[in-house]
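In case you want the letters, here they are:
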Amino acid sequence: MEHTEQGGAQFDPSKIITQGLKYLRHLRLMVLMMALGMVLGVTYFLFATPLYQAKSLIYFDTFGTALKNRDVPETAEIYRPHFMRGMMSQFVTSRIQVGAGKRMGFLGENDTFEDLLDQVSYVGAEIVDHRHLELTVMARNPEIVRGFGKAMAEEFQAFQREGWDEFRDEALRVYAEQLDSIDEKVSETVESLSEVERDQRLTEVTIEQQSLLEIPKKLIESKERLVRMADIQQSLGGLIIPTQSGGGVTSSNEQEEVEVDQALSVLSLLSSFNEEATVEIGDVVRRALSGTRDAVTANNSQIAKIVQPDDVEGVESWKELEIDRRLLEKEIQEASDIYLPEHPQMLEMRRRMSSINSSLISEMEVELEKFELEFQRLEGRIGELELRMPEYYAVTEKMGKSAVAYNSVEQTQLMWSKAREALADKLAAVSFSDNFDWIQVRFKGHTSLRDEVPVSPNKKKLILLSLMIGLGGAIGLPSVINLLNTSASNLQQLEAYIGIRGIGIVPLSAPEDLEAVHRSPAQGATVPNYLLECFRLVRSAVCLHPGRTGRSQVVLVTSARPQEGKTTQSANLAWAFHSMGEKVLLVDCDLRRGRIHGLLGIDAGPGMTKMLLGEVSPQDAVVGTGLDGFSVVPRGPVIAGTTELLCQKPFEKLLEYWRTHYDRIILDCPPTLGLSEPSSLQRLADGVVLVVRSEVTPMKDVKDAVTLLRKTGAHFFGFVLNGVDLSKAGNYYHYYYYSAPYYDQLEENEDGLDANDSPVKTEQNDRDLLLS
């Protein structure tokens, strides 16, 4: 059947039916597996020990301690989720379960967890919330499931107290020993500090360093100030212009004005700097001789000067004088508009102006002297400070070494002090928590109790499980058998696999019926008609598919392996051609195990072997079968080496001779796999008919045989599926028209046939059709 795909694969219900029928052939096995599953369920129900179950609610809470120490787990702050998970894992340990069993009395003092398992099958816990656990207990005794949860809670509480007592005693002992050891270490470090301070003269060095700490700072400040003063000196050099003599009154006045302007400029430049000067009356200022600027030479070549009041103090503040001068200038300018230059009032104002100018110049000289003294003082101070710098470096280095030694010992003392404080905290926490019930466990009752009707075996679950096991076996085992079964059982499947057409099937029949086919007359046969029709269909397919030469006169019949029914098929195919009125020759080419003579009930000799050896003529080798026009060449006696003669020219000429005397020649050949005769003889035949035993021959063997014959250039009429069991639903679904009931139904309608539709007439018409 050809399938057309339009817009995707079409649904083919026949594939589903085929798969279902594959399972249907294992119906007995499937029923057996279902029954086995139910039997297993019933057996388990009858012999399994019943289990009872109780679910209980266990309350947990922790109060902690007033003193909490993270290094003491028993007193540390508790994180609730971690606490509940930890309690759940501890609560269902084997130690608690065995203790609860002993507390209830069903375990002895020497019994172990393995003894507990004989009574209690399962104990598990789940977190309900941050304060509750749900405990599930499954046991064989109802009394145990009723009281085991409460016994576990009591045992866990007792175990916690016992564990705390052991921990407390051991912790106090260990902490006390460690505390004594740390106290010794602290005392040793205190003594070490005293030794370091004494050996390193740490106090004296510290006092000495304190006295020298200001030297670098003062040296840097002095050098910076001296640099600034040098810059000011350079600026002063450009401001002071030497006084010029002569020139009259006007020139004298102009000279005075220039000197006053210079004085004001110098005073403005020095005023802000001299305010910071530290030279005071009575200070001794050492002046270096000219040409001695380095510190060492200057220190040895100096003259001393005592600062006098007139060196650092002016008569009047120059700023006040400058203000008076400006006011007086304004008065003179206003008066000049009224009075003549020689007027007494004008002369008095000029005298006053001259006095102010002299004062300003005096102030300038004082500031210059003060600046020079400060400059000389700084130079001397820098020299002194530079001479003391080596002393500062030596003391600092000595102080650093002493501090390193002291700090090392001090850090050790600090470490031991901290260790003592931490250990003291632990000791206090453990001591304060003595006899403190910091974890409370309480049994709050059952949430679910099955102490009368067991939870296992559960009837509903057991029935469902039995059905699942049975169904799994009923489907799984046939599926495995189907997967492992690679034999040919379906005509269409085999056609697709090996690539040649199926030309007919032969139902599984009684051996006597199959062997009676070739002895049946063309009309009036006693063999069931459906069986005869199977070989007639094969005959028709051979006639309708001639070989390369356009003929189908010589037909080679073979199989992949022995015991596939090819000899019976050869004889019955020969009968089918004979029943059509043809003159037929059946040749037994299986010179090793040929059994045509036994099948037909004739003598085996002289046969093919004698004829190939030339001991008998071809006419003498041919034997009649009792049916006119149906002749046979039996195997003859088994003679070593005669199989080689089948592949030589004499047999080819012999076959050409028979072609001229017979309408149809059937060659019954040995199996293809492992033997060379089929591959050699196929070139003499017009085509090959391959016999395949249904549900016996592996499909791989069939494909290997077809591949081998194709390599030698064989033409296939097709294959015959032999021994198809039509009693199986799958085979009957596909090939019901080959079955006896199908033909029985047709025979019931034969009464309505007229004389022109007789069997003789039908057979003759069939022959005429094929010959045409």
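Residues numbered from 1 in each chain as written. Predicted model: local features only at pLDDT ≥ 70, side-chain atom pairs only at ≥ 80, totals over all residues. Heavy atoms only, no water.

### Here's the deal with the pattern of salt bridges
- As enumerated under the stated definition, the model contains 25 salt bridges in all.
- Between R351 and E348 there is a salt bridge; the shortest N-O distance is 2.3 Å. Of this pair, R351 and E348 both sit in helix α13 (residues 344-432), 3 residues apart, which is roughly one turn of the helix.
- Since its relative accessible area comes to 35%, E348 is described here as partly exposed.
- Counted as one network, the salt bridges with shared partners bring together R95, R103, E154, E155 and E162. (Salt bridge = Lys/Arg side-chain N within 4 Å of Asp/Glu carboxyl O. Helix = DSSP H or I, 4+ residues; strand = E, 2+ residues; numbered from the N terminus. Buried < 20%, exposed > 50% of the residue type's maximum accessible area, 1.4 Å probe, protein only.)

### Observations concerning the side chain of R325
- With respect to the secondary-structure elements, R325 resides in helix α12 (residues 318-336).
- Taking relative accessible area as the criterion, R325 reaches 6% and is therefore assigned buried.
- There is a polar contact of 2.8 Å between the side chain of R325 and the side chain of N357.
- With residues near it in sequence (within four places) discarded, R325 still touches E257, V260, M353, I356, N357 and L360. (Polar contact = N/O pair within 3.5 Å; in protein donor to acceptor, adjacent residues only side chain to side chain. Contact = heavy atoms within 4.5 Å.)

### A look at the packing of helix α15 (residues 491-498) against helix α24 (residues 699-711)
- Direction vectors running N to C along α15 and α24 enclose 45°, while the axes themselves pass 10 Å from each other. On the basis of their axis angle, the class for α15 and α24 is oblique. Relative to α24, the crossing made by α15 is right-handed. Residues Q493, L494, Y497 and I498 of α15 form the contact with α24, whose own contacting residues are M699, K700, V702, K703, V706 and R710. (Axes fitted to C-alpha atoms, helices over the stretch in contact; angles between N-to-C directions. Parallel < 35°, antiparallel > 145°, perpendicular 65-115°, else oblique. Left-handed = near helix turned anticlockwise from the far one by under 90°.)

### Section: the sheet that holds strand β12 (residues 664-668)
- One open sheet accounts for 8 strands, arranged β7-β14-β13-β8-β12-β9-β11-β10; its pairing is mixed. Bordering the open sheet on either side are β7 (502-507) and β10 (623-624), each of which pairs with just one other strand.
- Relative to strand β14 (residues 716-724), β7 runs parallel, the two being bridged by 5 bridges. Of the residues in β14, the one forming a bridge with I505 is L721.
- Against the sheet, α15 contacts β7, β13 (687-693) and β14, and its axis sits at roughly 140° relative to β14.
- Helix-sheet contacts for helix α18 (residues 566-578) involve β7, β8 (554-559), β9 (584-588), β11 (630-633), β12, β13 and β14, and the interaxial angle to β12 is about 175°. (Pairing = 2+ DSSP bridges.)

### What to know about α24
- With 13 residues, α24 should cover 18 Å at 1.5 Å per step; its first-to-last C-alpha distance of 18 Å lies within 8% of that length.
- Along α24, the positions that sit buried rather than exposed are M699, D701, V702, A705, V706 and L709. Seen from one end, α24 has its buried residues packed into an arc of 160°, which puts them on one side. Opposite the buried face of α24, at more than 90 degrees from it, the exposed residues are K700 and K711.
- Where α24 ends, the next residue or the one after it, G713, has phi of about 85°, a positive value. (Expected span 1.5 Å × (residues − 1). Arc of directions from axis to C-beta.)

### Re a nonpolar patch on the surface
- A cluster of nonpolar side chains, namely L36, L40, L465 and I469, defines an oily patch on the protein surface of about 350 Å² accessible area.
- Of all the elements in the fold, those that place two or more residues in the nonpolar patch are α2 (27-47) and α14 (459-484).
- Relative to the elements of secondary structure, L465 occurs in helix α14.
- In this structure L465 comes out as partly exposed when scored by relative accessible area, which is 44%. (Patch = residues over 30% accessible without salt bridge, like charges linked within 9 Å, V, L, I, M, F, W, Y side chains within 5 Å. Areas by Shrake-Rupley, 256 points an atom, 1.4 Å probe, with all protein chains shown as cover.)

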